[in-house]
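Below are the chains, spelled out letter by letter.
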Amino acid sequence: MTREERYEHGMKVLEQVDGEAGQRIVNSLADTSPELGHQVVAWAFGDMYARPELPARDRQLVTLGVLAALGGCEIELEVHINAALNVGLAPTEIAEALLHSAVYCGMPRSINATLVAKKVFAERGLLPITNVA
């Protein structure tokens, strides 16, 4: 594929997964690092997200766990929690994944990620979430 074809393919995947939120991230990079925006679309979505070995919902679970573990990724978490909902994850599954992340990345990062989820769920009218054992 040409560079432009990879970008076009990546945009289709980005729109399916992230909707408008992904495009806003790419747009926000346009005047500072258009190449980074291009790589997000062409490489991250056109190449990696498009791979058939994991379904989109599973990729989002992995992404949520990694972003929670990294910490300081609230903007990306917001985008990917929305994406997780877009690809079929239920709010309870997202909340459970972020709860489970506490075991491996600690309570503060799990709490921070869960508070981002709370914001997204509130915006989408999905609160309250009940996943108490």
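Note that the structure is predicted; figures quoted are calculated from it, not measured.

### Considering the pattern of salt bridges
Two side chains of opposite charge can pair, provided their charged atoms sit close to one another. Overall, the coordinates contain eight salt bridges when judged by the stated rule. Residue Arg3 is joined to Glu35 by a salt bridge in which the shortest nitrogen-to-oxygen separation is 2.5 Å. In this pair, Arg3 sits in helix α1 (residues 3–18) while Glu35 sits in helix α3 (residues 34–49), placing the two residues 32 residues apart along the sequence. Relative accessible area serves as the criterion here: at 45%, Arg3 is assigned to the partly exposed category.

### What to know about the nonpolar core
Ranked by internal contacts, the top residues of the largest apolar core, which has 17 residues, are Leu64, Leu77, Ile81, Ile94, Leu98 and Phe121. Of all the elements in the fold, those that place two or more residues in this core are α4 (56–70), α5 (74–86), α6 (91–105) and α7 (107–123). Sequence-distant contacts of Ile81, defined by excluding residues within four places in its chain, comprise Leu64, Ile94, Leu98, Ala113, Val116, Ala117, Val120 and Phe121. Listed in part, the ten residues of the second largest apolar core include Val13, Leu14, Ala44 and Ala83.

### Observations regarding the side chain of Asn82
Within the secondary structure, Asn82 is located in helix α5. What makes Asn82 buried here is its relative accessible area of 15%. Here the side chain of Asn82 touches Glu78 through a polar contact of 3.1 Å, landing on its backbone oxygen.

Quick notes on the rules
- Residues numbered from 1 in each chain as written.
- Predicted model: local features only at pLDDT ≥ 70, side-chain atom pairs only at ≥ 80, totals over all residues.
- Heavy atoms only, no water.
- Salt bridge = Lys/Arg side-chain N within 4 Å of Asp/Glu carboxyl O.
- Helix = DSSP H or I, 4+ residues; strand = E, 2+ residues; numbered from the N terminus.
- Buried < 20%, exposed > 50% of the residue type's maximum accessible area, 1.4 Å probe, protein only.
- Core = buried A, V, L, I, M, F, W, Y, C linked by side-chain atoms within 4.5 Å.
- Contact = heavy atoms within 4.5 Å.
- Polar contact = N/O pair within 3.5 Å; in protein donor to acceptor, adjacent residues only side chain to side chain.

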